[in-house]
Protein chains: 2
Amino acid sequence: MTAANGELKKAGLKATLPRIKILEMLEKHSTPRHLSAEDIYKNLLVSGEDIGLATVYRVLTQFETAGLVVRHHFEGGHSVFELNEGEHHDHLVCLKCGKVEEFYDTTIEERQHAMAEKLGFELMDHSLYIYGNCKNFKNCEHFKKKLKAMA
Amino acid sequence: MTAANGELKKAGLKATLPRIKILEMLEKHSTPRHLSAEDIYKNLLVSGEDIGLATVYRVLTQFETAGLVVRHHFEGGHSVFELNEGEHHDHLVCLKCGKVEEFYDTTIEERQHAMAEKLGFELMDHSLYIYGNCKNFKNCEHFKKKLKAMA
DNA sequence: TTGATTGCAAAGAATTTGCACTGGG
DNA sequence: CCCAGTGCAAATTCTTTGCAATCAA
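Residues numbered from 1 in each chain as written. Chains lettered and ligands numbered in written order. Predicted model: local features only at pLDDT ≥ 70, side-chain atom pairs only at ≥ 80, totals over all residues. Heavy atoms only, no water.

1. Quick notes on the pairing of strand S3 (residues 90-94) of chain A
Residue and element names in this part refer to chain A.
- Of all 5 residues making up S3, 5 are buried, and the element is well covered by its neighbours.
- Side-chain alternation along S3 places Asp90, Leu92 and Cys94 on one buried face and His91 and Val93 on a second face that is also buried.
- Pairing of S3 with strand S4 (residues 100-103) involves 4 bridges; the strand directions are antiparallel. If you follow His91 over to S4, its bridge partner there is Glu102.
- The hairpin turn running from S3 into S4, its antiparallel successor, is 5 residues long, and Gly98 in that turn takes a positive phi close to 85°. (Buried < 20%, exposed > 50% of the residue type's maximum accessible area, 1.4 Å probe, protein only. Helix = DSSP H or I, 4+ residues; strand = E, 2+ residues; numbered from the N terminus. Pairing = 2+ DSSP bridges.)

Written out as structure tokens, the structure reads:
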């Protein structure tokens, strides 16, 4: 009776094997926390799980609807998903190695509300992605991992 | 000898008919300033221009590389392009009618630099999109236009 | 049992690419 | 004239869907 089991029930989703495995995969991956559907699919294969890619997409969409995960559109076409731990934050993505850092800045949040207010909008959501190069990226573990993945 | 002609040359691009027409289309459309490849393609067709969709994509990508336009990824899959008028700004998008407002906030820009600095990144770029509902969207011209487009 | 959930393969949407043809300089 | 640029159709990439088989409650 894994923890994922209970979380799924609480979210109103039947605790099926694919859903449990996918949720555990997201919980297990503390770094990087941000995985694409493809990442998850491949990781499951490696773990010996036989779950179709279509199912991964379906389940992630259900999780997103249920508020269990948050979907992001970083540069480069595909979506990435991260476990929703409750607190909102924005992202800083390294263009060289793909490393993702999270941050939260009260001032930025406030100013965004102020802008929406000023322009006559009711703010519903926002996405802020900062792109850059992490200093000394060549020695960064993410960069090494990326190189290895390309080989 | 249109203005677009000179701008293309200045950008190091041969002044061909498709490029001129696409650039003029972007310059003409002051509102909305943000057009998808499909939008541009359709508008050109209506104007009686016989330019392929693939060419529109190719040309827009060239324009982006040349710095003539900026590409954005708003929610909903497809990219939109806007003429690069020099000054950076962020966007507020209405989820109901698609209206896009631009804004610039010095404080937000500063805080972003501070965040990048703090996390050890060299800032290269950023994208900030605020999503909301424009007040009284039902009477908003964009909303009416959207309804008409659906009919 | 029985409706919800999956897997697979096929469909879609957005964008890119290969290649023979055309047009700008 | 000659190569960059274009149109078209085919290919890619990421994601969604239809449907018969399977599973959780």
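2. So, the protein's contact with DNA strand C
- Residues in contact with DNA strand C amount to 18 residues; listed here are only the nearest, Thr16, Arg19, Thr55 and Arg58 of chain A together with Tyr57 of chain B.
- Here, DNA strand C places atoms within 4 Å of the protein, and 70% of those atoms are sugar or phosphate.
- Here a phosphate oxygen of DNA strand C and a backbone polar atom of Asp50 of chain A are 2.9 Å apart.
- In the environment of DNA strand C, a base oxygen lies 3.2 Å from a nitrogen or oxygen atom belonging to the side chain of Arg58 of chain B.
- Contributions of two or more residues to the surface near DNA strand C are made by helix H2 (17-28) and helix H4 (53-66) of chain A together with helix H4 (53-66) of chain B.
- Grouping the amino acids of the surface near DNA strand C by side-chain chemistry returns 6 nonpolar, 5 polar and 7 charged. (Near = heavy atom within 4 Å. Polar contact = N/O pair within 3.5 Å; in protein donor to acceptor, adjacent residues only side chain to side chain. Nonpolar A, V, L, I, M, F, W, Y, C, P; charged D, E, K, R; others polar.)

3. Side note on the sheet that holds S4 of chain A
- The strand order across the open sheet formed by 6 strands is S4(A)-S3(A)-S5(A)-S6(B)-S4(B)-S5(B), and the pairing between neighbours is mixed. Each end of this open sheet is capped by a strand with a single partner; those strands are S4 of chain A together with strand S5 (100-103) of chain B. This sheet shows a mean twist of 20° between the axes of neighbouring strands, independent of strand direction.
- Running over the sheet, helix H5 (residues 106-118) of chain A touches S3, S4 and strand S5 (121-134) of chain A together with strand S4 (90-94), S5 and strand S6 (121-134) of chain B and is turned about 135° from S5 of chain A. (Axes fitted to C-alpha atoms, helices over the stretch in contact; angles between N-to-C directions. Contact = heavy atoms within 4.5 Å.)

4. Description of the protein's contact with DNA strand D
- In the region of DNA strand D, 20 residues are neighbours, and Tyr57 of chain A together with Thr16, Arg19, Thr55 and Arg58 of chain B sit closest.
- Protein-proximal atoms of DNA strand D, defined as those within 4 Å of the protein, fall in sugar or phosphate at a share of 73%.
- Within the contact set of DNA strand D, a phosphate oxygen lies 2.5 Å away from a side-chain nitrogen or oxygen of Thr16 of chain B.
- Taken together, the elements giving at least two residues each to the surface near DNA strand D come down to H4 of chain A together with helix H2 (17-28) and H4 of chain B.
- Broken down by class, the residue content of the surface near DNA strand D amounts to 8 nonpolar, 5 polar and 7 charged.

5. Side note on H5 of chain A
Residues and elements named next belong to chain A.
- Taking 1.5 Å per residue as the helical rise, H5 with its 13 residues ought to reach 18 Å, and the 18 Å between its terminal C-alpha atoms agrees with that figure.
- Every buried residue of H5 is listed here: Ile108, Glu109, Gln112, Met115 and Ala116. Each buried residue of H5 lies within a common arc of 120° when the element is viewed along its axis, so the set occupies one face. Facing away from the buried side of H5 by over 90 degrees, the exposed positions are Glu110, Glu117 and Lys118.
- Phi turns positive, to about 75°, at Gly120, one or two residues after H5. (Expected span 1.5 Å × (residues − 1). Arc of directions from axis to C-beta.)

So far we have only geometry, and geometry alone does not tell us how the molecule works.
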